[in-house]
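Here is what each chain is made of, one letter per residue.
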Amino acid sequence: MTTILVTGGTGTLGRLVTERLRADGHEVRVLSRHSRPYAVDLREGGPGLDTALAGVDTVVHCASTPRGGDEKAADRLIAAARKAGVRHLVYISIVGVDRVPFGYYRAKLAVERLVADSGLGWTVLRATQFHDLLLQMFEALARVPVLVLPAGVSDQPVEVAEVADRLAELAAGAPAGRVEDMAGPEVRTFESLARAYLKASGKRRRVVNVPLFGAAYRAFREGGHLAPERAVGKGTFEEYLTARARGPMSGTGA
């Protein structure tokens, strides 16, 4: 068994990856900005990062933010990993980062290139959006009486636990380069997904599809972020919502 560092190990994905790896008997260190003893802001680096990486064989890099800084964080992580003699760097990316000219996607693609050019053994897995992200989006959009969606856009959400299982499997193996994408079981229109959310939450909202403009929107409409040929995920959005309903669900009947 190996010593594995999971960056972003307290996040939606990283927490599950950490659980899977520990269940398999690995020693796992969790690195995040506020998780001790390895509380490190990757954008800043510092001696705490060297401490976290000492004796580590594999790094699973889940830390990411759409607010910017991913490239700087990856640069610092890679430099420290090389210094520590890390054997394997596993990175989670997004399907379509090379096809959709969206700011956050461009940053993820840039990090992929840094990983590939790092001189370390590396593995990159691209996945479609998690069910959790769609739920967050619909909850935000449903705060007003009319739920406004981008017209003509579909999605292919995947269960985050399934992605965590795959990342844990990859982390335990040898460096594999860019592996096959991982996508959810169904390509669904945003409207059908939104209506599933409204039904599950008991909310009544008028749904309006509005055309947008720009290259990123056009790429989303053309399905650049989808991978129907890699529909390997099992859990559907409705199944995810049903499981959520067994616990606390945001707002009902409003």
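None of these values were measured; they are calculated from a predicted model.

Some remarks on the overall build of the protein chain
Phase 1: Helix and strand content of the protein chain: nine helices and ten strands.
Phase 2: In terms of overall size, the protein chain behaves like a compact globule, its C-alpha atoms giving a radius of gyration of 19 Å where 254 residues would be expected to give roughly 18 Å.
Phase 3: In terms of overall dimensions, the protein chain has C-alpha extents of about 55 × 40 × 35 Å along its principal axes.
Phase 4: Counting only residues that meet the buried cut, the protein chain has 51% of its 254 residues in that class.
Phase 5: If you take every contact in the protein chain between residues at least 6 apart in sequence, the share linking residues at least 24 apart comes to 80%.
Phase 6: For the protein chain, the computed accessible surface area is about 11,900 Å², with 52% contributed by carbon and sulfur atoms.
Phase 7: In the protein chain, which carries 34 positive and 28 negative side-chain charges, the distance between the mean positions of the two groups comes to 6 Å.

Some thoughts on unusual backbone geometry
Phase 1: With omega at 15 degrees, the peptide bond leading from arginine 36 into proline 37 counts as cis.
Phase 2: Checked against the element boundaries, proline 37 lands in the loop between strand 2 (27-31) and helix 2 (47-53).

So, the environment of glycine 103
Phase 1: Looking at where glycine 103 falls in the secondary structure, it is placed in helix 4 (residues 103-116).
Phase 2: Residue classification places glycine 103 among the partly exposed residues on the basis of a relative accessible area of 46%.
Phase 3: C-alpha separation for the pair glycine 103 and alanine 216, spaced 113 residues apart in sequence, amounts to 8.9 Å.

Overview of the nonpolar core
Burial of nonpolar side chains together is a common tendency in soluble globular proteins.
Phase 1: In this structure, Phe138, Leu149, Tyr197 and Phe237 are the most contacted members of the largest nonpolar core, which totals 26 residues.
Phase 2: Breaking this core down by element, the ones donating at least two residues are helix 4, helix 5 (131-141), strand 6 (146-150), helix 7 (190-201), helix 8 (215-221) and helix 9 (237-245).
Phase 3: Among the elements that take part in this core, helix 7 stands out by supplying six residues, more than any other.
Phase 4: Those residues in contact with leucine 149 that sit more than four places away from it in its chain are Phe138, Leu141, Phe190, Glu191, Ala194, Val207, Val208, Asn209 and Val210.
Phase 5: One finds Val6, Val17, Leu21 and Met182 within the second-largest nonpolar core, a separate group that totals 25 residues.

Considerations on the sheet that holds strand 8 (residues 177-178)
Phase 1: Spatial ordering of the open sheet is given by 2-1-3-4-5-8, a layout of six strands whose pairing is parallel. What marks the edges here is a single partner per strand, and that holds for strand 2 and strand 8.
Phase 2: As paired elements, strand 5 (residues 121-127) and strand 8 share two bridges and run parallel to each other. Along strand 8, the bridge assignment pairs valine 124 with arginine 178.

Here's the deal with the pattern of salt bridges
Phase 1: Per the stated rule, a full pass over the model turns up 15 salt bridges.
Phase 2: Within this structure, Arg15, Glu19, Arg20 and Asp165 form a network of salt bridges that share partners.

About the criteria used
Residues numbered from 1 in each chain as written. Predicted model: local features only at pLDDT ≥ 70, side-chain atom pairs only at ≥ 80, totals over all residues. Heavy atoms only, no water. Helix = DSSP H or I, 4+ residues; strand = E, 2+ residues; numbered from the N terminus. Rg over C-alpha atoms; globule rule 2.2 N^0.38 Å. Buried < 20%, exposed > 50% of the residue type's maximum accessible area, 1.4 Å probe, protein only. Contact = heavy atoms within 4.5 Å. Areas by Shrake-Rupley, 256 points an atom, 1.4 Å probe, with all protein chains shown as cover. Lys, Arg positive; Asp, Glu negative; His and termini not counted. Charge placed at Lys NZ, Arg CZ, Asp CG, Glu CD. Core = buried A, V, L, I, M, F, W, Y, C linked by side-chain atoms within 4.5 Å. Pairing = 2+ DSSP bridges. Salt bridge = Lys/Arg side-chain N within 4 Å of Asp/Glu carboxyl O.

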